[in-house]
Structure formats: structure tokens, C-alpha cells
Amino acid sequence: MSHARWWRPLAPPLLAIAVLMTGSAATALAAYPASIDVNTTAFNPPCDDDANAVGPKMQTAAKAEYGRLGYVASAFTGATFTRAATLNRTPKDWGYYVHSHGDYYWNSTDARRYTGFREDSGDCSQAVIFSKDIKAKRLGRQSNLVFISTCHASDSVTTLPDAFAIAKTKSISPANQGPEFYVGYIGVRWDSDEWIFEQRFWNALANNQSAGAAFDIAMNGSFNDGAFDANWWGTYTYGGVAGPWTVCPTCS
């Protein structure tokens, strides 16, 4: 389904994107890669009738904040964001962000549905990356901050958190399930609303809010679509910082 009908001119953000560049950078004790995959081709001519300038902004903002949190963040789009390339990178990724078309796609081999998203590949014929594909490559390895910026990524039936070994539970202090946090959208969403949400979320993290608090802040405000919704799973108090907890299990 084309997303052109769901795109609208951007509303003014609540927080300036410049906030992303302020504050001290997080210090990583080791190299913790994070891939930032953004599908720009699908949302622009000739694949879509309407030009869409939101994707590159999402990519820049996500890469900046993952870098500030201590990840070695690398961005991919066009021919560098393919199914093969993403699955080749994912075993090493501690963090992951993707913006693309997403749905609960039918897998003909297994005769069942999985949540997934489409590659970019630089053309209009874009293969689906199923959650089962990611799970098979990661083999249960730990993930930190995972942001799936697609439609249906956090529907009740989503299979993507499990692909990143993140339990679909909400651990709120004093409970925690380790340094992990998954966030995504429910149902079909406009790119402009996703961008509003993401600016608020990244800016809150940059202001030393936990991932859970950042989610609450991002949801607290107006959207073009009054039915806008998103969901999260993981540890509410986790701050999104790269790497395992080695000293304090309640500190980020």
C-alpha cells in the first residue's frame, strides 16, 4: 500500500532538532554497532507519486542520537539498505533503527504471517525482511535500543521484538529485564506523525530521560492523526546507552 495518502506537511516540532547535538557524548567501553536503515526510495517518485522529505531527517536524527548514546552508528539507504546487507549486519548490531513500509506479511514458505519491513534496494521492487529472518541471524543475542519506525511494528501480534530477543513485557522499577527497549508504531501511521514522535523521543533521551520516560514524553502532545498510537517493551528506566550492564543493573 502506498504511504502517499498518509503523508502530510510537517507540524512544527515541540523541540528543536538542534537539541540532539547538545550534551556530553556517551562513552562506550567497546564498539557497539548500530545500523540505521531508512527506505527513501519507496516514499518518492517513481515508486510513490508524492515526494517525501521526512526520511532523511529521520535518518539524521536517529544516527545522531545513537551516536550520542555510545553506539558506532552507521546509516544506510538506497542500494545500501538491502535485505542481504541488513541480515549480514544484524548479528553484530546492539542497536537498530529502521524506517520503511511495515506490515504483518504472509510468508508463503511457512504458510503463516510474520511482522516485517521492506528493504530499500534503490528500486521499486523491495523484498520483505521478515522477523524470522532477523531471528535466524541473531540467534538470541542481546539487543539494546531497537526502534522500528514502520506501520504495525508494535501491534499486539508483532513478532519483531522476539527477533531481537526482547521480551514483550514492560518492566517498571524496581523490576527490570536488562538494558533493552523496543519501540514501534501501532496500525497505519503518517510519516509526519512518526517524525513528530521521534523528535520528541530523541530529544528526551538527549536530556537524560530514560527510554520509558522518553516514550511518555513523545506521546504527550498533539499529532495530525488524533488516533496516533505506539507501544514499547523492555526496561522503563533503561537510558538507551550501548552495551551490557556490567556494574549496576538499575543504572543506564
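Note that the coordinates shown come from a computational prediction; the quantities given were computed from them, not determined experimentally.

Some thoughts on the state of the cysteines
For the structure on display, the rule yields 1 disulfide. Paired by a disulfide, Cys47 and Cys124 hold their sulfur atoms 2.0 Å apart. Where Cys47 bonds to Cys124 through sulfur, the torsion about that S-S bond is close to -95°, and the disulfide is left-handed. Of this pair, Cys47 sits in the loop between β1 (33-38) and α1 (54-68) while Cys124 sits in the loop between β5 (112-118) and β6 (128-130), and the two are 77 residues apart along the sequence. On the accessibility criterion, Cys47 (26% relative accessible area) is partly exposed. We classify Cys124 as partly exposed; its relative accessible area is 47%.

Observations regarding the packing of α1 against helix α5 (residues 191-206)
Angle between the axes and distance between the axes: these two values describe a pair of packed helices. Following both chains from N to C, one finds α1 and α5 inclined at 15°, their axes separated by 10 Å at the closest point. Classified by the angle their axes make, α1 and α5 are roughly parallel. Between α1 and α5 the crossing geometry is left-handed. Contact residues: Val54, Lys57, Met58, Ala61, Ala62, Glu65, Tyr66 and Arg68 in α1; Asp191, Glu194, Trp195, Glu198, Trp202, Leu205 and Ala206 in α5.

A few points about the sheet that holds strand β10 (residues 230-235)
Pairing between the strands of a sheet is mediated by backbone hydrogen bonds and can be parallel or antiparallel. Across the sheet, which stays open at both edges, the 7 strands sit in the order β2-β1-β3-β7-β9-β10-β8 with mixed pairing between neighbours. Among the strands making up the open sheet, the edge pair consists of β2 (72-76) and β8 (170-171). Pairing of strand β7 (residues 145-149) with strand β9 (residues 181-185) involves 4 bridges; the strand directions are parallel. Within the sheet, the bridge partner assigned to Phe147 lies in β9 and is Val183. Lying over the sheet, α5 contacts β3 (95-99), β7, β9 and β10, oriented at roughly 160° with respect to β7.

Brief notes about unusual backbone geometry
Residue Pro46 follows Pro45 across a cis peptide bond; omega there is 5°. Cis geometry marks the peptide bond from Ser173 to Pro174; its omega dihedral reads 10°. Position of Pro174 among the secondary structure elements: in the loop between β8 and β9. Unlike most non-glycine residues, His152 shows phi in positive territory, near 65°. Note that His152 resides in the loop between β7 and α4 (160-163).

About the criteria used
- Along each chain, residue indices are assigned from 1 in the same order as the chain's sequence is written.
- Residues qualify for local features only when their pLDDT is at least 70, as the model is predicted, and side-chain atom pairs are given and counted only at 80 or more; totals for whole chains, interfaces and linings, by contrast, use all residues.
- With hydrogens and water stripped out, all remaining heavy atoms of the structure feed into the side-chain values.
- Note that a disulfide, as used here, is simply two cysteine sulfur atoms within 2.5 Å.
- Counting from the N terminus, the helices are DSSP H or I runs at least four residues long and the strands are E runs at least two residues long.
- The cut-offs for exposure are 20% and 50% of the maximum accessible area for each residue type, with area from a 1.4 Å probe on protein chains only; residues under the lower value are buried, those over the upper are exposed, and the others partly exposed.
- The angle between two axes is taken between their N-to-C directions and runs from 0 to 180 degrees, where each axis is a line fitted to C-alpha atoms and a helix contributes only its stretch in contact.
- Our angle categories are set so that under 35 degrees counts as roughly parallel, over 145 as roughly antiparallel, 65 to 115 as roughly perpendicular, and the remainder as oblique.
- If you view the pair so one helix is near and one far, a crossing is left-handed when the near helix is turned anticlockwise from the far one by less than a right angle, and right-handed when it is turned clockwise.
- Any two residues having at least one pair of non-hydrogen atoms within 4.5 Å are treated as being in contact.
- A pair of strands is considered paired only if DSSP assigns at least 2 bridges between the two.

Keep in mind that these numbers describe shape and distance, not what the molecule does.
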